[in-house]
Amino acid sequence: MKQIFFYRGEWLSNEPMVSGPLQISFWSGSSVFDGARAIKGALPDIGLHAQRVVRSAKAMLLNPGLEAKEIESLCRDAAARLPADRDYYIRPMFYSTGQGVAPEGNDTEFVLAVFEAPLPDPIAGGACLSSFRRCAVDQGPTNAKAGCLYPNGQRALLEARDRGFDLPVLLDPNGNVAEFSTANIWIVKDGVAKTPAANGTFLSGITRRRLIRLLTQDGIPVEEAVLSPEDLATAEEIIVCGNFGKIQAIDRFEDRMLTPGPVFERARALYMQFVESERQVPAAAE
Ligand code: PMP
């Protein structure tokens with residue numbers, strides 16, 4: 001596997017040991033990360049991923065000490081150091097090295113991990129409704145891509161796998177559709193592409209926002225709406241949208257089989273065209 005790390009000013013080919021049992025980021029989750037991609041040399045929306053990891057750090061009261069622009073150029077530099085004919089996952093992270101009970105002052109460190117990760121299959125498989133929910137905005141740092149939020153999604157994922165599915169759909173605290181465990185969700189109804197309206201309980205992803213623009217520009221009707229579990233049960237298409245798999249189709253929801261449909265096909269094609277355009281001229285930030 002091809003991989004590279006940036007840690008304390010150096011490029012490393014082996015994983016640096018960044019934590020220990022007394023470090024607060026290890027035992028109580030004072031860490032944030034972002035997930036971006038290099039797809040055969042293109043880094044779609046890398047500027048927005050770099051901005052988000054800085055915002056996430058601040059939301060967790062970590063002191064980032066690096067500007068988004070510097071992170072963006074480290075990510076580009078990392079990709080340039082690896083063979084350009086492959087796909088990589090790009091993970092910039094901030095974490096506290098403190099040993100107390102809360103992050104303090106300047107105890108925040110940065111590490112960047114870039115490792116080979118081929119784009120997954122366009123069909124993500126079957127999905128089911130999870131018994132786990134996203135937490136409310138006053139119950140967790142839902143505005144950050146914080147490590148401490150992820151074990152809940154992991155429990156949802158393992159529950160889904162136990163039931164023979166590939167992905168769980170989590171509801172928000174009000175019982176409306178929120179997202180998959182690590183990706184956003186779209187459904188198609190009467191030809192309209194619908195995605196849950198951002199309400200702070202789930203990550204309004206960079207891929208989700210990019211897709212809203214691409215579909216709208218292409219003349220496909222888009223709605224950001226409150227979606228109920230009933231809407232899922234009657235959807236014509238269900239689409240997964242996130243950095244890791246970009247745009248994927250769900251082929252079964254609970255006991256109902258679904259055929260990847262025209263909106264999925266168009267959304268994926270538009271996103272892949274966008275990736276190609278990023279290879280030449282990176283998109284301006286939002
Ligand atoms: N929700 C969660 C919980 C995620 O981890 C991700 C992946 N970052 C997403 C949604 C999709 O966001 P993005 O398109 O920014 O990757």
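Above this text is the structure in question.
Residues numbered from 1 in each chain as written. Predicted model: local features only at pLDDT ≥ 70, side-chain atom pairs only at ≥ 80, totals over all residues. Heavy atoms only, no water.

A. A look at the overall build of the chain. Along the chain, the regular secondary structure elements total seven helices and 15 strands. On C-alpha atoms alone, the chain measures out to a radius of gyration of 19 Å, which is about the 19 Å that the 2.2 N^0.38 rule sets for 286 residues. The buried share among the 286 residues of the chain stands at 53%. Within the chain, residue pairs in contact and separated by at least 24 positions form 70% of the contacts whose partners lie at least 6 positions apart. (Helix = DSSP H or I, 4+ residues; strand = E, 2+ residues; numbered from the N terminus. Rg over C-alpha atoms; globule rule 2.2 N^0.38 Å. Buried < 20%, exposed > 50% of the residue type's maximum accessible area, 1.4 Å probe, protein only. Contact = heavy atoms within 4.5 Å.)

B. Region of interest: the layout of surface pockets. One number sums up the size of the largest pocket: a volume of about 750 Å³. Looking at the largest pocket, it is lined by 39 residues, and the ones nearest its centre are Thr182, Ala183, Asn243, Phe244 and Gly245. Taken together, the elements giving at least two residues each to the lining of the largest pocket come down to α2 (46-59), β5 (87-96), β7 (123-133), α4 (150-162), β9 (177-180), α5 (206-217), β13 (237-242) and β14 (246-253). Here the residues of the lining of the largest pocket are counted per class, giving 18 nonpolar, twelve polar and nine charged. Put simply, the second largest pocket is a space of about 600 Å³. Mapped by element, the contributors of at least two residues to the lining of the second largest pocket are β1 (3-7), α1 (24-28), β3 (31-33), β5, β6 (108-116) and α4. Looking at the lining of the second largest pocket element by element, the count peaks at four residues for β5. Here the lining of the second largest pocket is built from residues that sort into 16 nonpolar, seven polar and two charged. (1 Å grid on protein atoms, 1.4 Å probe; cavity = no way out; pocket = protein on both sides within 12 Å on 5 of 7 lines; lining within 4 Å. Points joined across faces, edges and corners; volume = space filled by probe spheres on them. Nonpolar A, V, L, I, M, F, W, Y, C, P; charged D, E, K, R; others polar.)

C. Local environment of the environment of Ala249. If you trace the backbone, Ala249 turns up in strand β14. Residue Ala249 is classed as buried on the basis of its relative accessible area of 1%. Look past the residues within four positions of Ala249 in its chain and what remains in contact with it is Pro122, Ile123, Ala124, Gly125, Ile238, Pro260 and Phe264.

D. The pattern of salt bridges, seen in detail. This model, assessed by the stated rule, comprises 16 salt bridges. A salt bridge links Arg86 to Glu116; its shortest N-O distance comes to 3.2 Å. With a gap of 30 residues between them, Arg86 in the loop between α3 (68-80) and β5 and Glu116 in strand β6 connect regions that are remote in the sequence. With a relative accessible area of 29%, Arg86 lands in the partly exposed category. Under the relative-accessibility criterion, Glu116 is labelled partly exposed at 22%. (Salt bridge = Lys/Arg side-chain N within 4 Å of Asp/Glu carboxyl O.)

E. Layout of the site of the ligand. Near the ligand there are 14 residues, and of these Lys145, Tyr150, Glu179, Ile206 and Thr207 occur at the shortest range. In the environment of the ligand, an oxygen atom lies 2.5 Å from a nitrogen or oxygen atom belonging to the side chain of Thr207. Relative to its free-state accessible area of 380 Å², the ligand is covered by the protein chains to the extent of 96%. Here the residues of the shell around the ligand are counted per class, giving four nonpolar, seven polar and three charged. (Near = heavy atom within 4 Å. Polar contact = N/O pair within 3.5 Å; in protein donor to acceptor, adjacent residues only side chain to side chain. Areas by Shrake-Rupley, 256 points an atom, 1.4 Å probe, with all protein chains shown as cover.)

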